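Residues per chain, in single letters:
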Amino acid sequence: SIASLMPSTTPIFSWLLCLILRKNKFSWANFIGMIVAVLGVMVVLGVKHLVLGDDVLAEGILLSGFFALACNSILINRYFSAYDPLVITAHSVFYATMGSILILLLTHHLTPPDIPPLAWGCLIGAGVVSTGLGYAVYFWLVRTVGPVFTSTFGYLVPVIGFSLAALMLGEDLSLLQGSGCVLVF
C-alpha cells in the first residue's frame, strides 16, 4: 500500500522544516537527490502500491507520524544536542513506555497474552537491541550530522524490506525493483 512509501517522506519533511524554521540554504543538489530517492522508492514498490487505500484517514495519521519524526529530529538537534545520546534514548524509551502503560490502563487490556517465556525474552531482547540501540544511534546521528541527513534512513526502509524478503524468504526481486534500489542509493 501507499504506507510503504510513507517513510520516504521524513527526509522531505525534515528538509522543508529546516528551510522554513532553521533558515537553511536551499540546495538544488539536496532537492534533486530527494526527488531521485523518492522515485527510486516508487520504482521499488511498484505502481500498484502508490494508490491511496480505502482508509485515507489512517494513511493521514501514518503520514503525520513521519512528520512528527521530522519535527523530533529538528528539536533534538536544536535543544538537546549537548546531552549524551544515551540519556536522550533513556528518556524517550521511558516516556514511550509510560504512554503505552497509560493506553493499556485506559483500554482495560491489563492481562498479558499467553506468550511463552522464550518469546518474552526475544521480545525484550528485540526491544533493547532494536529500539534502544537504534534510538541511541539515531540521536547520535542527529547530533553529529544533523536532522536532514539522519532522516534519509526513510528512503532505505522499503529497499531493505524488499532486499531482505528476496534474500531470506526467497521472494522475487525484479530487475525494475533492483534498479529502484540503485536509484535510492
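Keep in mind that what you see is a predicted model, and the values were worked out from it rather than measured.

(A) Spotlight on the overall build of the protein chain. In terms of regular secondary structure, the protein chain is built from 8 helices and 0 strands. Traced from its N-terminal end to its C-terminal end, the protein chain shows the element sequence α-α-α-α-α-α-α-α. Here the protein chain holds 185 residues, and 26% of them are scored as buried. Considering only residue pairs separated by 6 or more positions, the protein chain has 81% of its internal contacts joining residues 24 or more positions apart. A total accessible area of about 12,000 Å² is found for the protein chain, and carbon and sulfur atoms account for 74% of it.

(B) Molecular detail of the environment of Thr9. With respect to the helices and strands, Thr9 occurs in helix α1 (residues 9–21). You can call Thr9 buried: its relative accessible area is 17%. In sequence terms Thr9 and Tyr155 are 146 residues apart; their C-alpha atoms lie 8.2 Å from each other. Here Thr9 is in contact with Leu63 and Phe66, once residues within four sequence places are set aside.

(C) Seen up close, helix α3 (residues 56–79). With 24 residues, α3 extends 34 Å between its outermost C-alpha atoms, agreeing within 8% with the 34 Å of an ideal straight helix rising 1.5 Å per residue. Along α3, the positions that sit buried rather than exposed are Glu59, Phe66, Ala70, Ser73, Ile74, Ile76 and Asn77. Where the residues of α3 are buried, they touch α1, α4 (85–107), α5 (117–145) and α6 (147–151).

(D) The side chain of Thr150, seen in detail. The topology assignment puts Thr150 in helix α6. When its relative accessible area of 5% is taken as the criterion, Thr150 is described as buried. Of the polar contacts made by the side chain of Thr150, one reaches the backbone oxygen of Leu141; its length is 3.3 Å. At 3.3 Å, the side chain of Thr150 forms a polar contact with the backbone nitrogen of Val142.

(E) Representation of the packing of aromatic side chains within the structure. Scanning all chains against the criterion turns up 10 aromatic pairs. When the ring of Phe80 is compared with that of Tyr83, the centres are 5.9 Å apart and the planes differ by 45°; the resulting orientation is tilted. For the pair Tyr135 and Phe139, a centre-to-centre distance of 5.6 Å together with 10° between the ring planes defines the contact as stacked. Of this pair, Tyr135 and Phe139 both sit in helix α5, 4 residues apart, roughly one helical turn. With a relative accessible area of 33%, Tyr135 lands in the partly exposed category. By the ring-pair criterion, three or more aromatic residues cluster together here, those being Trp15, Phe26, Trp28 and Phe31.

(F) Representation of the side chain of Asn77 within the structure. Its location among the elements puts Asn77 in helix α3. Accessibility expressed as a relative area gives 14% for Asn77, which makes it buried. Aside from chain neighbours lying at most four places away, what touches Asn77 is Arg22, Val142, Arg143, Gly146 and Pro147.

(G) A look at the nonpolar core. The biggest cluster of nonpolar side chains holds 9 residues, and these are Trp15, Met34, Ala37, Val38, Val41, Tyr155, Val159, Cys181 and Val184. Elements represented by at least two residues in this core include exactly α2 (28–45), α7 (153–169) and α8 (175–184). Not counting residues within four places of it along the chain, the set of residues in contact with Val38 comprises Ser8, Ile12 and Tyr155.

(H) Broad picture of the packing of α7 against α8. The contact between α7 and α8 brings their axes to 10 Å, and the two run at 145°. The hand of the α7/α8 crossing is left-handed. Of the residues in α8, those in contact with Tyr155, Leu156, Val159, Phe162 and Ser163 of α7 are Gln177, Cys181 and Val184. For the contact of α7 with α8, the per-class residue count stands at 6 nonpolar, 2 polar and no charged.

Basis of the calculations
- Residues numbered from 1 in each chain as written.
- Predicted model: local features only at pLDDT ≥ 70, side-chain atom pairs only at ≥ 80, totals over all residues.
- Heavy atoms only, no water.
- Helix = DSSP H or I, 4+ residues; strand = E, 2+ residues; numbered from the N terminus.
- Buried < 20%, exposed > 50% of the residue type's maximum accessible area, 1.4 Å probe, protein only.
- Contact = heavy atoms within 4.5 Å.
- Areas by Shrake-Rupley, 256 points an atom, 1.4 Å probe, with all protein chains shown as cover.
- Expected span 1.5 Å × (residues − 1).
- Polar contact = N/O pair within 3.5 Å; in protein donor to acceptor, adjacent residues only side chain to side chain.
- Phe/Tyr/Trp six-rings, centres within 6.5 Å; stacked < 30°, edge-to-face > 60°.
- Core = buried A, V, L, I, M, F, W, Y, C linked by side-chain atoms within 4.5 Å.
- Axes fitted to C-alpha atoms, helices over the stretch in contact; angles between N-to-C directions.
- Left-handed = near helix turned anticlockwise from the far one by under 90°.
- Nonpolar A, V, L, I, M, F, W, Y, C, P; charged D, E, K, R; others polar.

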